[in-house]
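Spelled out from the first residue to the last, the chains are:
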Amino acid sequence: CPDSCRHLVRVRSGEPAKIIAEEARSREADLLVLSWKGSFAAGHCGVVRTLLETAPCPLLIVPAGRLD
């Protein structure tokens, strides 16, 4: 990471979207980056959908897995 870049990795337990939003808010994050497979099937989009509604900063959603 360049000297001017700040990043943090933490491990927490709980409801993923709530924990992610709380961390972003408490750290005054500028951006959240999420990896997602793009499936809207039941049980596959809950965190992304919730963060789209509740995130305190912009989201960058990148495709999960290999791109061919």
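To be clear, the structure that these remarks concern was listed above.
Residues numbered from 1 in each chain as written. Predicted model: local features only at pLDDT ≥ 70, side-chain atom pairs only at ≥ 80, totals over all residues. Heavy atoms only, no water.

1. Description of a nonpolar patch on the surface
Inference 1: Together, Leu31, Val33, Leu60 and Val62 make up a nonpolar patch on the protein surface, roughly 310 Å² of accessible area in all.
Inference 2: Overall, valine 33 belongs to the exposed group, its relative accessible area being 53%. (Patch = residues over 30% accessible without salt bridge, like charges linked within 9 Å, V, L, I, M, F, W, Y side chains within 5 Å. Areas by Shrake-Rupley, 256 points an atom, 1.4 Å probe, with all protein chains shown as cover. Salt bridge = Lys/Arg side-chain N within 4 Å of Asp/Glu carboxyl O. Buried < 20%, exposed > 50% of the residue type's maximum accessible area, 1.4 Å probe, protein only.)

2. Here we look at the nonpolar core
Inference 1: One finds Ala17, Ala21, Leu34, Trp36, Cys45, Val48 and Leu51 forming the largest nonpolar core, which totals seven residues.
Inference 2: Going through the elements one at a time, helix H1 (16–26), strand E1 (32–36) and helix H2 (46–54) are the ones with two or more residues in this core.
Inference 3: The residues touching cysteine 45, leaving out its near neighbours within four places in the chain, are Trp36, Ser39 and Phe40. (Core = buried A, V, L, I, M, F, W, Y, C linked by side-chain atoms within 4.5 Å. Helix = DSSP H or I, 4+ residues; strand = E, 2+ residues; numbered from the N terminus. Contact = heavy atoms within 4.5 Å.)

3. Remarks on the pairing of strand E2 (residues 59–63)
Inference 1: When E1 meets E2, the two strands line up parallel, connected through five bridges. For leucine 34, the partnering residue across the bridge sits in E2 and is isoleucine 61.
Inference 2: You can see the chain leave E1, run along H2 and come back into E2, and the turn it takes is right-handed. (Pairing = 2+ DSSP bridges. Right-handed = clockwise from strand over helix to strand, strands pointing away.)

4. Details of the state of the cysteines
Inference 1: Tallied over the entire structure, the rule returns zero disulfides.
Inference 2: Residue cysteine 45 stays outside any disulfide, its sulfur separated by 20 Å from that of cysteine 57, the closest cysteine.
Inference 3: Judged by its relative accessible area of 9%, cysteine 45 is buried. (Disulfide = S-S within 2.5 Å.)

5. Regarding the pattern of salt bridges
Inference 1: If you walk through the whole model with that rule in mind, you get four salt bridges.
Inference 2: For glutamate 22, the salt bridge goes to arginine 12, with nearest N and O atoms at 3.4 Å. Here glutamate 22 is found in helix H1, whereas its partner arginine 12 is found in the segment before H1, with ten residues between them in sequence.
Inference 3: Since its relative accessible area comes to 30%, glutamate 22 is described here as partly exposed.
Inference 4: Residue classification places arginine 12 among the partly exposed positions, given a relative accessible area of 39%.
Inference 5: Across the pair glutamate 23 and arginine 12 runs a salt bridge whose closest N-O atoms are separated by 2.6 Å.

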